[in-house]
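Structure assessment
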Amino acid sequence: MEGKIIKGIAGFYYIYGEDGEVYECRAKGIFRKENQKPLVGDNVEITVLDQEKKEGNLVKILPRKNSLIRPAVANVDQAFVIFAMEDPKPNLMLLDRFLIMMEQAGIPAVICFNKKDLAEEKEVRELYDIYKGCGYQVLLSSALHNEGIEEIRSILKGKTTVVAGPSGVGKSSLTNLLQKEVQMETGEISRKLKRGKHTTRHSQVIPIGEHTYLMDTPGFSSLYLTDMEEQELKDYFPEFQKYEGQCRFLGCRHIHEPGCRVKEALESEEISRLRYEDYLSLYEELKEKRRY
């Protein structure tokens, strides 16, 4: 039978089977031998050992569309990154790091600023305009007042979406509001996932509709860019792309070079100064890292 890994804890994998049931499976030793680790979101083949107890063996990982290291998930169509407008205030450097990671992985990102009811309208509009101007889809929501939920639901429909964001931004509240169409009994999931019920350290997949899955991931408070040289960084800022090839120098890094179109766009406020300053900080960080 084919299915999707919805959670993995301590060597057990919970598979949402094509029959709509959840199976507790052990992975065959072949994966260890081939240095292959099953990931949440993997489409797999299982052998059912006990239909009544819903137990089986995970025998094959089907080809992946993509995979991420942090969070460790596979077969993602898009990322839905949630930050709060207040309580806690948004850490934009952290948001920019996450967006760069998604650009690097080729995964489209949708930004959601939650708790909009706690912030000034001017502040909300400013952040909305900054990231919309970079080419990202930006949503504003309030889980408390049930605002923006239908818009979020339509963006998730028919896709596998990794939901990420720091702790305390309302990620769980929004996820719970989106689960009205859940296709499995939550009690059944809780019983099946009893080993991990007490922890939020694991990613899990929540089916919320036909061909629609949410990948709920642990909250993060810091992210480090990996596998990247500082000169590549500019390629992951989408707002720089329209000036590509227009600078005086080929391979312009948009920092000290004369005749730089990106710096001109910065002066004319076509590019956000906040984002550009994050770019400079991250550039220096990567340069420093290479030195050591």
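Residues numbered from 1 in each chain as written. Predicted model: local features only at pLDDT ≥ 70, side-chain atom pairs only at ≥ 80, totals over all residues. Heavy atoms only, no water.

Take the overall build of the chain next. Summing up its helical and strand segments, the chain has eight helices and eleven strands in all. Taken against the 2.2 N^0.38 rule, which gives 19 Å for 292 residues, the C-alpha radius of gyration of the chain at 21 Å falls within 12% of a compact globule. Dimensions of the chain, computed from the C-alpha atoms along their principal axes, are close to 70 × 50 × 30 Å. For the chain, the proportion of its 292 residues judged to be buried stands at 50%. Look at the contacts in the chain between residues 6 or more apart in sequence, and 68% of them connect residues 24 or more apart. A total of about 15000 Å² of accessible surface is found on the chain, and carbon and sulfur atoms cover 47% of it. Averaging the locations of the 43 positively and 47 negatively charged side chains of the chain gives two centres separated by 5 Å. (Helix = DSSP H or I, 4+ residues; strand = E, 2+ residues; numbered from the N terminus. Rg over C-alpha atoms; globule rule 2.2 N^0.38 Å. Buried < 20%, exposed > 50% of the residue type's maximum accessible area, 1.4 Å probe, protein only. Contact = heavy atoms within 4.5 Å. Areas by Shrake-Rupley, 256 points an atom, 1.4 Å probe, with all protein chains shown as cover. Lys, Arg positive; Asp, Glu negative; His and termini not counted. Charge placed at Lys NZ, Arg CZ, Asp CG, Glu CD.)

Now for helix α8 (residues 273-291). For α8, spanning 19 residues, the distance from its first C-alpha to its last is 27 Å, which sits close to the expected 27 Å at 1.5 Å a residue. Every buried residue of α8 is accounted for by Arg275, Tyr276, Asp278, Tyr279, Leu282, Tyr283 and Leu286. Viewed along the axis of α8, the buried residues span an arc of 155°, placing them on a single side of the element. Packing partners of the buried residues in α8 comprise α2 (92-105), α3 (121-133) and α7 (261-267). (Expected span 1.5 Å × (residues − 1). Arc of directions from axis to C-beta.)

Below, the discussion takes up the packing of aromatic side chains. Within the structure shown, the criterion is met by seven aromatic pairs. A ring pair is formed by Phe237 and Phe240, whose centres lie 5.3 Å apart and whose planes are at 15°; its orientation type is stacked. The buried category is assigned to Phe237, whose relative accessible area is 0%. With a centroid separation of 6.0 Å and 40° between ring planes, the pair formed by Tyr276 and Tyr279 is classed as tilted. Of this pair, Tyr276 and Tyr279 both sit in helix α8, three residues apart, which is roughly one turn of that helix. Residue classification places Tyr276 among the buried residues on the basis of a relative accessible area of 5%. Judged by relative accessible area, which is 0%, Tyr279 ranks as buried. (Phe/Tyr/Trp six-rings, centres within 6.5 Å; stacked < 30°, edge-to-face > 60°.)

This next bit is on the pattern of salt bridges. Counted according to the given criterion, the structure contains 14 salt bridges. Asp129 serves as the salt-bridge partner of Arg125, at 3.9 Å between the closest nitrogen and oxygen. With Arg125 and Asp129 both in helix α3, this residue pair falls four residues apart, about one helical turn. Exposure remark for Arg125: the relative accessible area of 37% places this residue in the partly exposed category. Taking the relative accessible area as the measure of exposure, Asp129 reaches 43% and is therefore partly exposed. One network of salt bridges, in which partners are shared, links Glu86, Lys89 and Glu123. (Salt bridge = Lys/Arg side-chain N within 4 Å of Asp/Glu carboxyl O.)

Bridging between strand β2 (residues 12-17) and strand β3 (residues 22-27) involves five bridges; their strand directions are antiparallel. Counterpart to Ile15 in the pairing with β3 is Tyr23. The antiparallel pairing of β2 with β3 creates a hairpin that spans four residues between the two strands, and Gly20 there sits at a positive phi of about 85°. Of the strand pairs in this sheet, β3 and strand β5 (residues 55-61) are connected by four bridges, and their pairing is parallel. Each bridged residue has a counterpart across the sheet, and for Ala27 the counterpart in β5 is Leu58. (Pairing = 2+ DSSP bridges.)

With that settled, the discussion passes to the side chain of Thr175. Here Thr175 lies in helix α5 (residues 171-177). Within polar-contact distance, the side chain of Thr175 engages the backbone oxygen of Lys171 at 2.8 Å. Residues contacting Thr175, with those up to four places away along its chain left out, are Ile206, Leu214 and Asp216. (Polar contact = N/O pair within 3.5 Å; in protein donor to acceptor, adjacent residues only side chain to side chain.)

Attention now goes to the environment of Val124. In this fold, Val124 is placed in helix α3. Counting along the chain gives eleven residues from Val124 to Phe113, while the straight-line C-alpha distance between them is 8.2 Å. Not counting residues within four places of it along the chain, the set of residues in contact with Val124 comprises Met85, Lys116, Ala119 and Leu140.

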